[in-house]
4 protein chains.
Amino acid sequence: VRRYVPGVTTDAVPGPTVDLNVDLGEGYGSWRMGDDLALLDVVSSASVACGFHAGDPVTMRRCVDAAGERGVAVGAHVSYFDLRGFGRRFIDVDPDELTDDVVYQLGALAGFTRVAGTRVRYVKAHGALYNRAAVDERHAAALVAAVLAYDPALPLFVMGGSVLDRLAREAGLGTVPEAFADRAYTPDGRLADRRLPGAVRHDTAEVCEAAVRIVRDGTANTVDGAAVPVTGRTLCLHGDTPGAVAHARAVRTALEAAGIVVHAPG
Amino acid sequence: VRRYVPGVTTDAVPGPTVDLNVDLGEGYGSWRMGDDLALLDVVSSASVACGFHAGDPVTMRRCVDAAGERGVAVGAHVSYFDLRGFGRRFIDVDPDELTDDVVYQLGALAGFTRVAGTRVRYVKAHGALYNRAAVDERHAAALVAAVLAYDPALPLFVMGGSVLDRLAREAGLGTVPEAFADRAYTPDGRLADRRLPGAVRHDTAEVCEAAVRIVRDGTANTVDGAAVPVTGRTLCLHGDTPGAVAHARAVRTALEAAGIVVHAPG
Amino acid sequence: VRRYVPGVTTDAVPGPTVDLNVDLGEGYGSWRMGDDLALLDVVSSASVACGFHAGDPVTMRRCVDAAGERGVAVGAHVSYFDLRGFGRRFIDVDPDELTDDVVYQLGALAGFTRVAGTRVRYVKAHGALYNRAAVDERHAAALVAAVLAYDPALPLFVMGGSVLDRLAREAGLGTVPEAFADRAYTPDGRLADRRLPGAVRHDTAEVCEAAVRIVRDGTANTVDGAAVPVTGRTLCLHGDTPGAVAHARAVRTALEAAGIVVHAPG
Amino acid sequence: VRRYVPGVTTDAVPGPTVDLNVDLGEGYGSWRMGDDLALLDVVSSASVACGFHAGDPVTMRRCVDAAGERGVAVGAHVSYFDLRGFGRRFIDVDPDELTDDVVYQLGALAGFTRVAGTRVRYVKAHGALYNRAAVDERHAAALVAAVLAYDPALPLFVMGGSVLDRLAREAGLGTVPEAFADRAYTPDGRLADRRLPGAVRHDTAEVCEAAVRIVRDGTANTVDGAAVPVTGRTLCLHGDTPGAVAHARAVRTALEAAGIVVHAPG
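Below you will find a few notes about this structure. This structure is a prediction, so every number in the text was calculated from the model and none was measured.

### Digging into the overall build of chain A
In step 1: When you go through chain A residue by residue, the secondary structure sums to eight helices and 10 strands.
In step 2: Here chain A has a C-alpha radius of gyration of 17 Å; the compact-globule value for 266 residues is 18 Å, and the two agree.
In step 3: Once the C-alpha set of chain A is aligned to its principal axes, its extents read approximately 45 × 40 × 35 Å.
In step 4: Across the 266 residues of chain A, 61% fall into the buried class.
In step 5: Considering only residue pairs separated by 6 or more positions, chain A has 73% of its internal contacts joining residues 24 or more positions apart.
In step 6: Surface accessibility of chain A: about 10,100 Å² in total, with carbon and sulfur atoms responsible for 52%.
In step 7: Between the averaged position of the 27 positive side-chain charges in chain A and that of its 33 negative side-chain charges there is a distance of 2 Å.

What follows is the structure, encoded as structure tokens:
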């Protein structure tokens, strides 16, 4: 049964807790990307590629098994069908087809969680689909329709305030707003264009400080250093850059040193 | 828990019933193969392609929905990863990888049955995997391992007496032996090489008669016309040949005229 | 060396001749689409799929060989990389990557023409790339760059007056304007939206009449029946509809009955 | 015209020269494997993946351009169609289809050499196809047929004495026997099973010494240290292991220090 309860969401109560999520299982066949096992020792949630932008079945199974052993929540990192482009290119797919594509990916991942004795805990769009669903009603609605039909209890990780966030809430889905400690924001709370000077932070200490501020104060910085309000129930770490694991560990340590508890939502 | 109960199977009691199964959803994107909807009005089981040899998500969803509306049992038609070859070519894939490939396909199909409010009712190997698992212990065991891990209550459709049949039974899985009314058999109960004269029947009346004999008498013919014992709890119809729908209807009518009840196993 | 000679083109001299082209080789593996051999007996040019939206190597080789035997010109029907979507979906691929994608497809097809002792005679964009390159400078330029780099003597089949037409001419490439006898046009010479009543003609006699008018008079009709000027050095026939072969034969017969010579450009 | 001149080959005259080849362009989309540019500064021949086991068009173009700038010979590294398995799995493809697959890959690579103003200089089978064509007449003959049809002047890199070597020579193709300085051999001149102790050398100094011996003395070692005759007109270096570039440089330096000239064949 589809429930339409506008405004209900899982992130209503702010607190000194946050989720740390990372994209996982982004290899394919003989190709590797990121150090999946090391990252799983740091994060509370793992968004696992489901075969459309990355993630062959062997990689998926290993990620799901390793996440289960560590008590890390597994999410379905759903994408446009685009291995060659790693899901980073907008594809003007028909929304009904996109809904079926998402159900397929959700089901495939759930095959491995079933075998592992765990379950899929959330859904997050990847790459171009993440960006598109943040602004495009048709593709956002297609994603919402898939999750509603498959399991309306599954929350969506979203850009807070995005079109996807709004449509998902209106449809009665829970949403978990995501923030980025390594990015500057615009005055109205969006991500600053990464081509702007200062839009992307590389310094680990600065990222750690920004992570704590997002969770504790609910603010992020613009490129000019001004504070803007940002809601982040989950922080996205990146696994495919040099030093990603050490960087992720530092962020977690900084959060915990500030008295913030890191755990998966729900 | 894996149960090993040699000799236990679901087809112990012969009777005046049989399943009619057909391969379904064998299109991909803009390409079509077979008349899925018309065949669903005739058969009791539909083996749905899961994206590895055919079957994009839109096609899968349509098949699952239409099967659900008609009360037709849906099975996972699992294959080697080979869209270009339609799953008809042996691929020397590592058995562990094959197990993961099968779990992926099972899960993906289960995504659509979940949305449709039905469930996957059985597993059948397609094409080259069907033929290989009938004789090769490594690939047969990989298939058995996948079904055991995913859902040990799922029966496998198998060539009766094949390596897959034996390994599945030994592992405690139910098996449903499959027979072919349009094929001649060898004296020891295997399919006759299709290149032999008389190995493949095209005449609908002859196929109908053979279907009734398999179910009622438990016998099939060799190319020389001799009778050999054959166990068929499910008969496989082909959907991708000209006149396939009329042919299938004739077989069902002939079975019912002989007092045989057509229904899905289990 | 890239030549930039604005305004030079191969279609300067109108005459009572026209090319008939059809999309060919649009199957993939076990999937078929259209009756390639029958169409090759009717047309003067065949746009052969190169593996990105359709066209496995076996299909390509058969098309190239059969075209060579009949003296039909072979063109490279280049596409976005999108087998599942049959190249009908816009993909926001980076232009430099698109250029490389086109070179890859051109080269692959040229492998088969080399073996057949013929050569690739033209380039035509397929589906979403055709539509996009007609209006988008970035993707049009990417296509032009590929042809210029690969062989600046190869003409492009284009919508007359499109962005691709203009950029190709400015870069010194020959262009062959294409018209559609089964479609109505807008007052300014573009294709009418196919969802409008009367935008798509299905009646063979009407299509034949429209084909003759395009070539003889240089005019097509709007949905309201008004005449608009249209330049068509090549007419595109469709091979994937029921009755496509009979339809194509009728158009050729009508053209020849009107004294129009059908032959490939150049 | 197909020439059948049994026994004629390009490697008749041994001398103090050898080719160094490496597998190149083995990334795909966002995935990388090996340091292509650094390796191109060391080798004389680069076997470029053509999209079937690795190698998207962007990667292919970059490899071909960089090889051209350095005067490194480009070969087509042709494979079974198997991105997920990186071409390392035998696929029981029909030989006629395999021939077309090879022509497709040759043509695609030649698209980029044409743009670069260079040409494809040789053909080498990759992975499972390399191993299969060394022992299987059907797949070896399919490969030979493709090269003969495409360009009978193209030499094949082969295991000396393999079925492919023999069939290629009998068909009039030139062959370049390949040897491996990092592997032990069997007493009859084949590669020792890599699972045997001592079958794979990792020590750079030992590999350098083995490389010089193969070229200068025409001998390699068994796992027991016995010398066996081996013909190597080209030595295969591996690019996808840690330290591959330094290792490759050491081998080249050792060869040149021994008075051996490193250059591409032909």
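The discussion continues.
### What to know about the environment of D:Arg121
Residues and elements named next belong to chain D.
In step 1: Tracing the chain through its elements places Arg121 in strand E4 (residues 120-125).
In step 2: The partly exposed category is assigned to Arg121, whose relative accessible area is 29%.
In step 3: Taking the C-alpha atoms as reference, Arg121 lies 34 Å from Gly198; in sequence the two are 77 residues apart.
In step 4: When residues no more than four places from it in sequence are discounted, the contact partners of Arg121 are Ala73, Val74, Leu154, Pro155, Ala264 and Pro265.

### Here's the deal with the nonpolar core
In step 1: Residues A:Leu255, B:Leu255, C:Leu255 and D:Leu255 are the most contacted members of the largest nonpolar core, which totals 333 residues.
In step 2: Among residues more than four places away in sequence, those in contact with A:Leu255 are A:Val18, A:Leu20, A:Ala211, A:Val212, A:Val215, A:Leu235, A:Ile260 and A:Val262.

### Quick look at the relation of the copies chain B and chain C
In step 1: The transformation that overlays chain B on chain C combines an axial shift of 0.0 Å with a rotation of 180°, and the residual RMSD is 0.0 Å. In the structure described here, the two chain copies are related by an operation that fits a two-fold rotation axis. No C-alpha of chain B lies nearer the rotation axis than that of B:Trp31, which sits 3.1 Å from it.
In step 2: Mapped onto chain C, 100% of the interface residues of chain B are again interface residues, and the two copies thus contact each other with one and the same surface.

### Considering helix H5 (residues 137-150) of chain A
Residue and element names in this part refer to chain A.
In step 1: Between its first and last C-alpha, H5 extends 20 Å over 14 residues, near the 20 Å set by a 1.5 Å rise per residue.
In step 2: Turning to H5, its buried residues are His139, Ala140, Ala142, Leu143, Val144, Ala146, Val147, Leu148 and Tyr150.
In step 3: Where H5 starts, the residue carrying a side-chain oxygen 2.7 Å from the main-chain nitrogen of Arg138 turns out to be Asp136.

### Re the relation of the copies chain A and chain B
Between the two copies of the chain lies a relationship made up of a rotation around an axis and a movement along it.
In step 1: Rotating chain A by 180° about the axis while translating it 0.0 Å along that axis superimposes it on chain B, leaving an RMSD of 0.0 Å.
In step 2: When the interface residues of chain A are mapped onto chain B, 100% of them again lie at the interface, so the same face is used by both copies.

### Looking at the interface of chain B and chain C
In step 1: Counting from both sides, the interface comprises 16 residues of chain B and, opposite them, 16 residues of chain C.
In step 2: Of the roughly 1,300 Å² buried between chain B and chain C on both sides combined, carbon and sulfur atoms contribute 63%.
In step 3: In this assembly, chain B and chain C are joined by zero salt bridges.
In step 4: Linking chain B with chain C are four residue pairs in polar contact (both at pLDDT 80 or more), by the criterion used here.
In step 5: Of the residues in the side of chain B that touches chain C, the class split is seven nonpolar, four polar and five charged.

### Digging into unusual backbone geometry
In step 1: With a phi close to 55°, B:Phe86 is a non-glycine residue in the positive phi region.
In step 2: Within the secondary structure, B:Phe86 is located in the loop between strand E3 (73-78) and helix H3 (95-116).

### As for the environment of D:Thr222
Residues and elements named next belong to chain D.
In step 1: As for its placement among the helices and strands, Thr222 is situated in the loop between strand E7 (219-221) and strand E8 (227-229).
In step 2: C-alpha of Thr222 to C-alpha of Gly198: the two residues are 24 residues apart in sequence and 8.7 Å apart in space.
In step 3: Apart from residues lying up to four places away in sequence, Thr222 is in contact with Ala184, Tyr185, Thr186, Pro187 and Val228.

### A closer look at the packing of aromatic side chains
In step 1: Across all of its chains, the model carries 30 aromatic pairs over all chains by this definition.
In step 2: Ring geometry for A:Phe90 against C:Phe90: centres 6.4 Å apart, planes inclined by 55°, an arrangement best described as tilted. Here A:Phe90, found in the loop between strand E3 (73-78) and helix H3 (95-116), pairs with C:Phe90, found in the loop between strand E3 (73-78) and helix H3 (95-116), and the two come from separate chains. The same class applies to A:Phe90 as to C:Phe90, namely buried.
In step 3: A ring pair is formed by B:Tyr122 and B:Phe157, whose centres lie 3.8 Å apart and whose planes are at 5°; its orientation type is stacked. One end of the pair, B:Tyr122, is in strand E4 (residues 120-125); the other, B:Phe157, is in strand E5 (residues 156-159), with 35 residues separating them in the sequence. B:Phe157 shares its class with B:Tyr122; the two are buried.
In step 4: Among the aromatic residues, those joined into a cluster by ring pairs are A:Tyr28, A:Trp31, A:Phe86, D:Tyr28, D:Trp31 and D:Phe86.
In step 5: Taking the ring centre of D:Phe81 as reference, the NZ or CZ of B:Arg84 above it sits at 3.5 Å.
In step 6: Over the ring of D:Tyr150 we find C:Arg114, and its NZ or CZ is 4.7 Å from the ring centre.

### Some thoughts on the side chain of B:Ser45
Residue and element names in this part refer to chain B.
In step 1: Structurally, Ser45 is set in strand E2 (residues 45-49).
In step 2: When its relative accessible area of 0% is taken as the criterion, Ser45 is described as buried.
In step 3: Within the local environment of Ser45, its side chain forms a polar contact with the side chain of Asp19, the two groups lying 2.7 Å apart.
In step 4: Leaving out residues up to four positions away in the same chain, Ser45 has contacts with Asp19, Leu20, Asn21, Val22, Val72, Ala73, Tyr122, Phe157, Ala264 and Pro265.

Rules used in this analysis
- Residues numbered from 1 in each chain as written.
- Chains lettered and ligands numbered in written order.
- Predicted model: local features only at pLDDT ≥ 70, side-chain atom pairs only at ≥ 80, totals over all residues.
- Heavy atoms only, no water.
- Helix = DSSP H or I, 4+ residues; strand = E, 2+ residues; numbered from the N terminus.
- Rg over C-alpha atoms; globule rule 2.2 N^0.38 Å.
- Buried < 20%, exposed > 50% of the residue type's maximum accessible area, 1.4 Å probe, protein only.
- Contact = heavy atoms within 4.5 Å.
- Areas by Shrake-Rupley, 256 points an atom, 1.4 Å probe, with all protein chains shown as cover.
- Lys, Arg positive; Asp, Glu negative; His and termini not counted.
- Charge placed at Lys NZ, Arg CZ, Asp CG, Glu CD.
- Core = buried A, V, L, I, M, F, W, Y, C linked by side-chain atoms within 4.5 Å.
- Least-squares fit on C-alpha atoms with pLDDT ≥ 70 in both.
- Expected span 1.5 Å × (residues − 1).
- Polar contact = N/O pair within 3.5 Å; in protein donor to acceptor, adjacent residues only side chain to side chain.
- Buried area = accessible area lost by both parts, 1.4 Å probe.
- Salt bridge = Lys/Arg side-chain N within 4 Å of Asp/Glu carboxyl O.
- Nonpolar A, V, L, I, M, F, W, Y, C, P; charged D, E, K, R; others polar.
- Phe/Tyr/Trp six-rings, centres within 6.5 Å; stacked < 30°, edge-to-face > 60°.
- Lys NZ or Arg CZ within 6 Å of the ring centre and 35° of its normal.

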